[in-house]
Amino acid sequence: MTLTPGTVTLSQLEQVFREERPVQLDPACHPSVEEAHKRIADAAAGEAAVYGVNTGFGKLASVKIAAEDTATLQRNLILSHCCGVGPAIPRTLARLMMVLKLLSLGRGASGVRPEVINLLEGMLSKGVTPVIPAQGSVGASGDLAPLSHMAAVMMGAGEAEFGGDVMPGDAALSKAGLQPIELGPKEGLALINGTQFSTAFALAGLFGAWQAAQSALVTSALTTDAIMGSTAPLQPEIHTLRGHRGQIEAGVTMRALLAGSVIRESHRDGDTRVQDPYCIRCQPQVVGAAMDVLRQAATTLEIEANAATDNPLVLSETGLIVSGGNFHAEPVGFAADMIALAVAEIGAIAQRRIALIVDPALSFDLPPFLTPNPGLNSGYMIAEVTTAALMSENKHLANPCVTDSTPTSANQEDHVSMAAHGARRLGQMVANLERILGVELLCATQGVEFRAPLPTSETLQAVMARLRAVVPALGDDRYMAPEIEAASALIAGGEIARGTGIAMPELGV
């Protein structure tokens, strides 16, 4: 896949992430890369102090470094910053981080040689993936520790995965037919200054959250039919009168999902209920609002993915090499917090629908806990409790991270974004949401089946058939944990949303 720095789209990045596509930069970016490198080389040979080129770093920026020591300076920078701890991040995220770093370097403002870009492209193509510990970044002055573990492999140090095995970085490069690089002036700093670790995790959270939002429209439509809920709140004019894009799209989608349901037609007349609870009636308003929030975060992250975020930057219009603060991940931190709020709310309203459908006082004559023989059997009683636990966990995880700054580096870096763990927590939150929706899929399908011989819509029947291909209907109690995982996997893989065959709302901004 050829990517043009500055114009890469979310859909391209999702392909890179999900399919682990190898990437190369559009050759049109090479002249600006080479011009910026020339300016850095000239600065390194000069007498004037230029931060990160011939000076120390952070609080040590006032220490001048001799020209003959610049290579040692960059190597020491990388090795001293390899302070990450915790489990290694997934390969897909490490590769996405590398692609984002390529895009940043390709803007022609970082001053690296083309050889640095070529090596990153080669590693992606040959499958050399640095082992990146998950913890250690505060999301300002860049994601220093995790990006250092990437840069270390490029120097032949650190550890990398190749061919399914973890080995020293130099061995991985050698087996792939690649050569380690000796970093030149500013190149180490260019590799580790930046927001690419935080942005990669935020993007992965965004992609998972959007797919879950699409699935939530499907599971909520199933639940609506299972409890014989009303489709009157899906009337298009209700939503156009308010005007929010996400709400309008959610209403249109749910209406299409339920079109042709015999269950719905069976209780249009004579139903003594005037209104459904909010978790049924207000699904377009809640998930639609979450979709709008996700799109706002998507706008930020698409911009950030195309940004030059290291320091100092070579300014093409003036030729100046200027220290700034583009490495500060505040925009990414805000985006991650927004995604977290959306994920928590999609799960919160879904959990209330599960609680509704298992409660015989609220489910419109469905058996308690959706078991045909309640008392002797508990049915989906504890599956609902599990979703309550997951919902509560997501509520706690949704607390903002970006407001939790702490000073670092002897108070030189006195305000930080905390974007790294703000974005990293999204993976667990999305997994929790997928399991909540998996349980709703189980319960709603079971509930609709209790309405036989009245069928739901053909669209939703196809969804139920996909579930029943891996999880049979629940009769007597049985070991349930694998069935929850199987249903959740259908959500996580996007099969439930795709299996409807109807157009789902798109993330495109």
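Data block above holds the structure.
As the structure is a computational prediction, the values presented were derived from the model and not from experiment.

J.: Please provide a residue-by-residue account of the overall build of the protein, values included.
T.: Across its full length, the protein carries 20 helices and 9 strands. Against the compact-globule benchmark of 23 Å for 509 residues, the protein has a radius of gyration of 26 Å, which places it among compact chains. Along the first, second and third principal axes, the C-alpha atoms of the protein reach 90 × 50 × 40 Å. The buried share of the protein, taken over its 509 residues, is 55%.

J.: Lay out helix 1 (residues 10-19) with the relevant residues and their values.
T.: For helix 1, the full list of buried residues reads Leu10, Leu13, Val16 and Phe17. Projected down its long axis, helix 1 carries its buried residues within an arc of 120°, all on one side. Trailing helix 1 by a residue or two, Glu20 shows a phi angle of about 55°, which is positive.

J.: Talk me through the packing of aromatic side chains; I want residue IDs and the actual numbers.
T.: In this structure the tally under the stated criterion is 2 aromatic pairs. Judged by centre distance (4.9 Å) and plane angle (50°), the rings of Phe197 and Phe201 are tilted. Of this pair, Phe197 and Phe201 are both found in helix 9 (residues 196-226), 4 residues apart, which corresponds to roughly one turn of the helix. The residue whose ring lies beneath Arg273 is Phe364, and the NZ or CZ to ring-centre distance is 3.6 Å.

J.: Residues and numbers for the pattern of salt bridges, please.
T.: Scanning the model with the defined rule gives 19 salt bridges in all. Across the pair Arg18 and Glu14 runs a salt bridge whose closest N-O atoms are separated by 2.8 Å. Of this pair, Arg18 and Glu14 are both found in helix 1, 4 residues apart, which corresponds to roughly one turn of the helix. The exposure class assigned to Arg18 is partly exposed, which follows from its relative accessible area of 39%. Among the residues examined, Glu14 registers a relative accessible area of 25% and is labelled partly exposed. A salt bridge links Asp271 to Arg273; its shortest N-O distance comes to 2.8 Å. Exposure remark for Arg273: the relative accessible area of 24% places this residue in the partly exposed category.

J.: Would you mind going over the sheet that holds strand 6 (residues 159-162) in detail, with residue names and values included?
T.: An order of 4-6-7 is seen for the 3 strands of this open sheet, with the pairing classed as antiparallel. In this open sheet, the two edge strands, each paired with only one partner strand, are strand 4 (129-130) and strand 7 (165-168). With 4 bridges joining them, strand 6 and strand 7 adopt antiparallel strand pairing. In the sheet register, Phe162 faces strand 7, and the bridge partner there is Asp165.

J.: Please give an account of unusual backbone geometry that cites residues and values.
T.: At the junction of Asn311 and Pro312, the peptide bond is cis and its omega measures out at -5° in the coordinates. Position of Pro312 relative to the elements: it lies in the loop between helix 14 (283-305) and strand 8 (313-314). Cis geometry marks the peptide bond from Ala452 to Pro453; its omega dihedral reads 10°. For Pro453, the position within the fold is in the loop between helix 17 (419-449) and helix 18 (458-468). The phi dihedral of Leu370 falls on the positive side, at around 60°, and the residue is not glycine. Tracing the sequence through the fold places Leu370 in the loop between helix 15 (330-358) and helix 16 (381-397).

Parameters and conventions
Residues numbered from 1 in each chain as written. Predicted model: local features only at pLDDT ≥ 70, side-chain atom pairs only at ≥ 80, totals over all residues. Heavy atoms only, no water. Helix = DSSP H or I, 4+ residues; strand = E, 2+ residues; numbered from the N terminus. Rg over C-alpha atoms; globule rule 2.2 N^0.38 Å. Buried < 20%, exposed > 50% of the residue type's maximum accessible area, 1.4 Å probe, protein only. Arc of directions from axis to C-beta. Phe/Tyr/Trp six-rings, centres within 6.5 Å; stacked < 30°, edge-to-face > 60°. Lys NZ or Arg CZ within 6 Å of the ring centre and 35° of its normal. Salt bridge = Lys/Arg side-chain N within 4 Å of Asp/Glu carboxyl O. Pairing = 2+ DSSP bridges.

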